[in-house]
Every structure is written in structure tokens, then in C-alpha cells.
Amino acid sequence: MRRYLSIWFPNLVAERGIRLRPELKPLAFVVAVPQRGRMLVKAASPVALKKGINPGMVVADARAMLPELKIFHDKPGVEQKLLHTLAEWSLRFTPVVALDLPDGLLLDISGCPHLWGGEARYLADIKTKLAGLGYNVKAAIADTIGCAWGVARFGTDEIIPAGKQYEAIAALPPMALRLDPSMVEKMRRLGFYRNDSFMSMPATVLRRRFGQALLIRLDQALGQAIEPLQPVFPAVIFQQRLPCLEPVRTRAAIDMALKTLLEQLSVQLLKEHKGLRTAIFKAYRVDGQVQEMSIGTNRAVRSVPHLLKLFEQKIDTIRPGLGIELFILEAPVVDELTVEQETLWAALGDGDGNSELANLLDRIAGKVGEKAISRYLPTEHYWPERSYKTAQSIDEPAATEWRDDRPRPICLLPVPEAIKVTAPIPDYPPMLFIYQGKIHKVRKADGPERIEREWWLEQGLVRDYYVVEDEEGGRYWLFRSGHYDQHTPEWFLHGFFA
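Our subject in this report is the structure included herewith. (Residues numbered from 1 in each chain as written. Predicted model: local features only at pLDDT ≥ 70, side-chain atom pairs only at ≥ 80, totals over all residues. Heavy atoms only, no water.)

1. Remarks on the state of the cysteines
Next up, step 1: Under the counting rule described, the total for this entry stands at zero disulfides.
Next up, step 2: Unpaired in terms of disulfides, Cys147 finds its nearest cysteine sulfur in Cys112, a separation of 19 Å. (Disulfide = S-S within 2.5 Å.)

2. Let's talk about the side chain of Gln291
Next up, step 1: When you line up the elements, Gln291 lands in strand 10 (residues 290-301).
Next up, step 2: With relative accessibility at 14%, the residue Gln291 sits in the buried group.
Next up, step 3: Within the structure, Gln291 has its side chain in polar contact with the backbone nitrogen of Arg319 (distance 3.1 Å).
Next up, step 4: In contact with Gln291, not counting residues within four places along its chain, are Phe281, Lys282, Ala283, Arg285, Thr317, Ile318 and Arg319. (Helix = DSSP H or I, 4+ residues; strand = E, 2+ residues; numbered from the N terminus. Buried < 20%, exposed > 50% of the residue type's maximum accessible area, 1.4 Å probe, protein only. Polar contact = N/O pair within 3.5 Å; in protein donor to acceptor, adjacent residues only side chain to side chain. Contact = heavy atoms within 4.5 Å.)

3. With respect to the nonpolar core
Next up, step 1: By size, the foremost hydrophobic cluster in this structure holds 29 residues, and its most contacted members are Leu5, Ile7, Phe9, Leu86 and Leu130.
Next up, step 2: Residue contributions to this core peak at five residues, all from helix 4 (residues 78-90).
Next up, step 3: For Phe9, the contacting residues outside a window of four places in its chain are Leu83, Leu86, Asp103, Gly104, Leu105, Leu130, Tyr135 and Val137.
Next up, step 4: Among the nonpolar cores identified, the runner-up in size contains 28 residues, and Ile254, Ala283, Leu307 and Ile315 belong to it. (Core = buried A, V, L, I, M, F, W, Y, C linked by side-chain atoms within 4.5 Å.)

4. Comments concerning the pattern of salt bridges
If charged atoms from side chains of opposite charge come close, those side chains can pair.
Next up, step 1: According to the stated counting rule, one finds 33 salt bridges in the structure shown.
Next up, step 2: Asp316 is paired through a salt bridge with Arg251; the nearest N and O atoms lie 2.6 Å apart. On the criterion of sequence distance, the pair formed by Asp316 in the loop between helix 12 (304-312) and strand 11 (324-336) and Arg251 in helix 11 (residues 251-271) is long-range, its members being 65 residues apart.
Next up, step 3: A salt bridge links Glu385 to Arg463; the nearest nitrogen and oxygen atoms lie 3.0 Å apart. With Glu385 in the loop between strand 12 (376-378) and strand 13 (388-390) and Arg463 in strand 17 (residues 463-470), this pair connects stretches of sequence that are 78 residues apart.
Next up, step 4: Taking relative accessible area as the criterion, Glu385 reaches 24% and is therefore assigned partly exposed. (Salt bridge = Lys/Arg side-chain N within 4 Å of Asp/Glu carboxyl O.)

5. Digging into the packing of helix 11 against helix 12
Next up, step 1: The contact between helix 11 and helix 12 brings their axes to 10 Å, and the two run at 140 degrees. As far as their axial angle goes, helix 12 and helix 11 are oblique. Note that helix 11 runs across helix 12; the crossing there is right-handed. Here helix 11 contributes Leu258, Lys259, Leu262, Glu263 and Ser266 to the contact with helix 12, which in turn contributes Val304, Leu307, Leu308 and Phe311.
Next up, step 2: In terms of residue class, the contact of helix 11 with helix 12 is built from six nonpolar, one polar and two charged. (Axes fitted to C-alpha atoms, helices over the stretch in contact; angles between N-to-C directions. Parallel < 35°, antiparallel > 145°, perpendicular 65-115°, else oblique. Left-handed = near helix turned anticlockwise from the far one by under 90°. Nonpolar A, V, L, I, M, F, W, Y, C, P; charged D, E, K, R; others polar.)

6. Notes on the environment of Thr379
Next up, step 1: Secondary-structure assignment places Thr379 in the loop between strand 12 and strand 13.
Next up, step 2: Separated by 10 residues in sequence, Thr379 and Lys389 have C-alpha atoms that sit 6.7 Å apart.
Next up, step 3: Contact partners of Thr379, with chain neighbours within four places excluded, come to Arg386, Ser387, Tyr388, Lys389 and Thr400.
Next up, step 4: In terms of polar contacts, Thr379 uses its side chain to reach the backbone carbonyl oxygen of Arg386, at 2.5 Å.

7. Observations regarding the sheet that holds strand 5 (residues 96-100)
Next up, step 1: The sheet built from four strands is open, its strands ordered 5-6-1-7 with antiparallel pairing. Sheet topology places strand 5 and strand 7 (138-142) at the edges, where each strand pairs with a single neighbour. Direction aside, neighbouring strands of the sheet carry axes that sit 20 degrees apart on average.
Next up, step 2: When strand 1 (residues 4-8) meets strand 6 (residues 104-108), the two strands line up antiparallel, connected through five bridges. Residue Trp8 lies in a different strand from strand 6, and its bridge partner there is Gly104.
Next up, step 3: Sitting on the sheet, helix 4 is in contact with strand 5 and strand 6, with an inclination near 160 degrees to strand 5.
Next up, step 4: Along the sheet face, helix 5 (residues 119-132) touches strand 1 and strand 7 and points at about 25 degrees away from the line of strand 1. (Pairing = 2+ DSSP bridges.)

8. A look at the packing of helix 1 (residues 12-20) against helix 4
Next up, step 1: Between helix 1 and helix 4, whose axes approach to 11 Å, the crossing angle comes to 75 degrees. Considering the angle they form, helix 1 stands roughly perpendicular to helix 4. In contact with Leu12, Val13 and Arg16 of helix 1, helix 4 contributes Val78, Glu79, Leu82, Leu83 and Leu86.
Next up, step 2: A breakdown of the residues in the contact of helix 1 with helix 4 according to their chemical character gives six nonpolar, no polar and two charged.

Structure, rendered in C-alpha cells:
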């Protein structure tokens, strides 16, 4: 059963102003927006509201009522940016949060409130924390988005019991169904002040009078039509959450939370025959900040001891501040991992010998960074730049064999570097070349080896490669681009031999 929470910020813009400038709190001010050649009040501070200044008033009338009223001009797009920030903040309560422009959020809270001890405590915690941030909100929980939205704005109850959305909607005005204002005005003129005055009428009558939009909104509110959310961030399938009864600040508590989440995530992965490749550990602080660290693995893993070792290298980066109230562990990247594979890799003397190597590489990557370690596989191309690719994991098999019929450098430059050479023409190797300002006198050379471009991929000059050795014993892979009879060819250094 799905449960939804609608959060309404009745005075979002004004409260944002007070949050940014606390000195405005005791003052009467409004945020004004131009409309049809007039300046209208878009939002009013709590002090202005108490003195009768309401949104929708003409600014000139408001100032006549209250001469000391301060006027601030609206900045387009502020609400969306602010709601996006609040949506990110709300991820500590549920992984699925959507914007409800211009002044609300919609949360899919299915399966979350029990972590707080029930929906009442869950909702109270959210409202308390938002109040601490300076936002006074109205909110409601129901089985449908439409019901939660309407009750939050026009109802008195905050939690609608499961299956009771009809009774909750019936007592509300038509505006609670998220109808167009023109339709609401039409219904008001016909005497429909509450939804129960028309909800029992035949659908054909309502459609003829008010159109299909009314029936759609009514069905959405009652749960008879599907209304999907558009979350701000895609929900992570493999995720575990651990709320704290009291904010924690100690390293021991953080270690315990991490171990608990890893054990829970391992069980979840086991059920789906998966192992994680990337894990992100997030700590939500009471001051609204989020501390996080991530690890990556070379192969699918769900071994808790191994993952703990990887996190231990970074856990000192978590700063608890005034305390952490929620921990989240996510595995956004996973791979197949059966129980048989895990057992084989964990056994001593396993068949492929990669288990200990993978664990070692994971620990090294945790210290020097994942991008510092790469594994390469051969591909079926003769052109050097395309003859290899980066492997996605330590287990990825090669589609072909490395070439061993011709000498190839241990280190191949991704982009050949231009050099100056002295060489007899037309097909003799260089006698010397200058690379990065240093002169290398060639003592031995072998070549040329001609490599043609793959014409079905690109057009260009051929290359004549030489393996050369200088007087200091260094061995290099050089090539000449093009023929002397066509133009003055250029020389390049493309790799280094061991």
C-alpha cells in the first residue's frame, strides 16, 4: 500500500527572506510581483499578515494601510530553486521526493514511517525540523497524492487512515481537487461549495457540465486513477536507512551504524543475487548538512569485512558536527554475484586467483583514487590508439588475444607526441631525435612496420613505425606519418618499451 505526504509552505518566499536576513523577522514586509500593469503582493511576512496585509492585494493599497511596510521585488525562479534545496533536505526521510510548484513538496513515504515509530511521530519530526529551519508548514498523509494535497491545504486532520480518502475529500471545497480557478468559480456559482455536493452525481453529468478534468482529479484523489510522482532524484534500488533516536557524534557510533547498514545491504543484495561495485555512505546532520563518502570495487562484492576495510580508509572524513540524525547507505552500481561465485572467490586457492588481487586493488584505490588504477584489454584493431580498451572490472574477459607477433611498447601514449629527427630518406630509421628538449642518439633500430588506417572508420596518412634504442639503453616506439614523395612527413613518439 502506497502512502503519500504533501507538505505545503504557505509563506515560502517571505520565510526564506527572514531566514536569509534574520533582522527582518520583527518587521512588516511584502514581496511584490508585477501583474497586468500593477504591483501585487506575492508574499507577506508574519507581522504584515497579522496587520491585514494578504497575498493578492495591490501594493499601493497595502502601503496605504501600513505606511511603514517594506517592499521587496520578487526574483523569478526563487521558489523552484528553494524547493529543490528543500527536496534534497527531505531525502533524509524518504528516497522519493518530488517538487509541487509553486509552494509544496510531495513525498512517497511508503515503508518509511515505521523507522520513526509511526506516521504521527514521523510527521511531527518533519514539521519540527522544518520549523527549526524557519519554515512553518501544513502537511497531510494519505493513500493518494490528491487527497494528501487537498487535506494539507484545506483540511484539519493531518493523517488520513488507509482507505478513508473519500470521507476526507468529501468535506473539502472543490479547490482541494486541484481544479482550475475558472472551474471552481463556475462550481461556486452553481452552489457546489463542498465536494460531497457533487461526488455522488453520475460521471456523465459531471463530464457534460465541467469536462473530463474534474473526473480525472476526482479519480486521482480517490485512488481510482494512477498519478505517478516525478522525483527530484531517481530512487536508488539498493539502499538502507538507519535513523537515530538521538543525534550521535562519536566515532564508535558511526562505525556501528556503518556496519549495521552494510549487513542489511548485504542481505538485500544476496536476495537479488547481486554484489555492489560502488557504495555511498551518507550522514545527515541536525544542522541540515550532509556528510558522505564513497568507495568502489573491482568486482561485485557483498563481503561486509572487506567493505568495512575500504570505508575505514575514509571514515575520518565524516564530521558529525552537532550530531548525526540519519545514516543512509546506497549501492548505485551493482553486478551479478551468485552465492556459488562468492563461495568460490572466498575459498583459499580459488581457481582464477583474482580474489586477493581484487581486494588489494580495492584498498589501493581507496588510498590513491579509483582513476589511478586501470586494467586494459585488447580489441580487434590494428591502429594503435584503438587496439585496447579500459576494462570495466577485473573479471571482464578479453574478446581477443594481445598481439605478440610484433613488438609493442609497455607504455603507449594516448596521443602521439611530435619530435624532431635527423633521418636519411626515404625509409631509413632516425639517427637521432629530440624529445622534450633532450637529444637521443639512436644506437639500434628496427623497422619500418607500416600500419594503415582503418579506412572504414577514418581517412588519413599511413604510419611507418620503428623500434629504436638510444645510447643510454632507452627503447622507444617512433613513427613517421606519411611519405616523403607526398610532402615533408612528421615524426612522432608513441610509446616506451621496458
